[in-house]
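# Remarks on the overall topology
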Amino acid sequence: MSEPLVKVETRGRVGLLTLNRPKVLNALSNEVIDEVANAMKAFDADDNIGAIVITGSEKAFAAGADIAAMKDWSYTDVYKQDYLGHQWEYLRRVRKPIIAAVSGFALGGGCELAMQCDFIIAGENAKFGQPEIKLGIIPGFGGTQRLPRAVGKAKAMDMILTARMMDAAEAERAGLVSRVVPSDRVLDEALEAATVIAAMSLPSVMMAKEAINRAYEAPLNEGLLFERRNFHALFSTHDQKEGMNAFIEKRQPQFKHE
Ligand code: HXC
């Protein structure tokens, strides 16, 4: 049987997706993105999963959309299929936290896939970039929107217009990644973080993710109201009573994710 394009596994309450086209540095063909979106959908619907990790290989998280597949497409080809629009919209709607564990190249659509995740843990060998301009196109998976939000306008302009790559240290300084770890530790670190998250009460994790995303999408007033209402709502959960009683009783909480 041939190797899957995306390996899907579970580690306790963590769902793990591994991009698996090493010969082409995990270039993101339509089939790969479909499989990622389908696996994310299944993890999102699975009560036994509390967080998701997506990773690639040591050499590449993903070196971008599949240039060989795209090179002969016409405008009408990409417009009619709304190239990657549906899958991308789906990924945006995943409600459980997703961590990108990035080693090696995260370029073009690969960088955009990592930025679409909730946070990025990078290996010291990670390289981020949006080199589409060298191909006569621009980022199409959110790079022109998410990169400036992550690193500011100056660095985003610099990277997108010159196609230069950013190493892990610069990416951490600029706020693109949350942690940099030795390259051989990336996946373990991400799985550990995901395991910590997955042990928290799922409703509060999901509401926290939703509220943080409001910080990017809504004016401050609305974001603050959204946060406050969800803060209030969590007082209706079993896990709020359990979490607070466990603190008072000096024991670990037993969350039921409800
Ligand atoms: C298809 C790719 C690929 C890609 C690498 N490969 N990136 N195939 N699409 N994006 C293939 C190469 O053709 C080569 O195949 C094999 O992977 C190994 O790559 P090399 O170039 O030989 O490796 P190396 O010299 O180490 O250089 C690594 C690299 C370089 C710097 C990452 O591969 C590179 O620049 N890749 C393209 C990066 C890029 O432009 N990404 C943006 C794509 S556009 P063979 O058969 O020769 O061994 C995009 C748009 C997003 O992402 C928007 C979507 C809506």
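Here, the structure is the one placed above.
Residues numbered from 1 in each chain as written. Predicted model: local features only at pLDDT ≥ 70, side-chain atom pairs only at ≥ 80, totals over all residues. Heavy atoms only, no water.

Oppositely charged side chains can form a pair if their charged atoms are brought close together. In total, this model carries 14 salt bridges according to the counting rule given. Residues Glu170 and Arg164 are paired through a salt bridge, measuring 2.8 Å at the closest nitrogen-oxygen approach. Residues Arg185 and Asp188 are paired through a salt bridge, measuring 3.8 Å at the closest nitrogen-oxygen approach. Judged by its relative accessible area of 39%, Asp188 falls in the partly exposed class. Residues participating in the shared-partner salt-bridge network are Arg179, Arg185, Asp188, Glu189 and Glu192. (Salt bridge = Lys/Arg side-chain N within 4 Å of Asp/Glu carboxyl O. Buried < 20%, exposed > 50% of the residue type's maximum accessible area, 1.4 Å probe, protein only.)

Let us look at the side chain of Ser103. By secondary structure assignment, the location of Ser103 is in the loop between strand E5 (98-102) and strand E6 (105-107). Setting aside residues up to four positions removed in sequence, Ser103 forms contacts with Ser57, Glu58, Lys59, Ala60, Phe61, Asn125, Ala126, Ser183 and Val186. (Helix = DSSP H or I, 4+ residues; strand = E, 2+ residues; numbered from the N terminus. Contact = heavy atoms within 4.5 Å.)

A few words now on the site of the ligand. Neighbouring the ligand are 23 residues; Lys59, Ala63, Ala65, Ile67 and Gly109 lie closest to it. Between Lys23 and the ligand, the recorded distance is 3.5 Å, taken from a backbone N or O atom to an oxygen atom. The backbone of Gly109 places a nitrogen or oxygen atom 2.8 Å from an oxygen atom of the ligand. Within the complex, 64% of the 1,000 Å² of free accessible area of the ligand lies under protein. At the level of secondary structure, the elements contributing two or more residues to the shell around the ligand comprise helix H2 (67-70), E6 and helix H5 (109-116). Its residues assigned to classes, the shell around the ligand comprises 14 nonpolar, 4 polar and 5 charged. (Near = heavy atom within 4 Å. Polar contact = N/O pair within 3.5 Å; in protein donor to acceptor, adjacent residues only side chain to side chain. Areas by Shrake-Rupley, 256 points an atom, 1.4 Å probe, with all protein chains shown as cover. Nonpolar A, V, L, I, M, F, W, Y, C, P; charged D, E, K, R; others polar.)

It is worth spelling out the environment of Ala27 at this point. On the secondary structure map, Ala27 appears in the loop between strand E2 (14-19) and helix H1 (30-45). Counting along the chain gives 82 residues from Ala27 to Gly109, while the straight-line C-alpha distance between them is 8.6 Å.

Let us now look at the sheet that holds E2. On the basis of which strands lie adjacent, the open sheet formed by 6 strands has the order E1-E2-E3-E5-E7-E10 and mixed pairing. A single partner strand is all that each edge strand has here, and the edge strands are strand E1 (6-11) and strand E10 (179-181). Ignoring strand direction, the axes of neighbouring strands in this sheet form an average angle of 20°. Where strand E3 (residues 51-55) meets E5, 4 bridges bridge the pair, whose relative direction is parallel. Pairing of Thr55 across the sheet is with Ala101, part of E5. (Pairing = 2+ DSSP bridges. Axes fitted to C-alpha atoms, helices over the stretch in contact; angles between N-to-C directions.)

Turning next to the sheet that holds E6. Backbone hydrogen bonds are what pair the strands of a sheet, in a parallel or an antiparallel way. Strand order in the open sheet made by the 4 strands is E4-E6-E8-E9, with mixed pairing throughout. Each edge of the sheet is formed by a strand with only one pairing partner; in this case those strands are strand E4 (60-62) and strand E9 (166-167). The pairing of E6 with strand E8 (residues 127-129) spans 3 bridges and is parallel. Residue pairing for E8: Ala106 is matched across the bridge by Phe128.

Scanning all chains against the criterion turns up 4 aromatic pairs. Ring centres of Trp73 and Tyr83 lie 5.0 Å apart, and the angle between their planes is 75°; this geometry places the pair in the edge-to-face category. Taken together, the positions of Trp73 in the loop between H2 and helix H3 (75-80) and Tyr83 in the loop between H3 and helix H4 (85-93) put the pair 10 residues apart, joining distant regions of the chain. Classification of Trp73 by relative accessible area gives partly exposed; the value is 29%. A centroid spacing of 5.3 Å and a plane angle of 70° characterise the contact between Phe231 and Phe235, whose relative ring orientation is edge-to-face. Directly above the aromatic system of Tyr90 lies the positively charged group of Lys41, at a separation of 5.2 Å from the ring centroid. Looking at Arg214, its charged tip hangs above the ring of Phe226, at a distance of 4.1 Å from the centre. (Phe/Tyr/Trp six-rings, centres within 6.5 Å; stacked < 30°, edge-to-face > 60°. Lys NZ or Arg CZ within 6 Å of the ring centre and 35° of its normal.)

So yeah, pure geometry; function would need other evidence.
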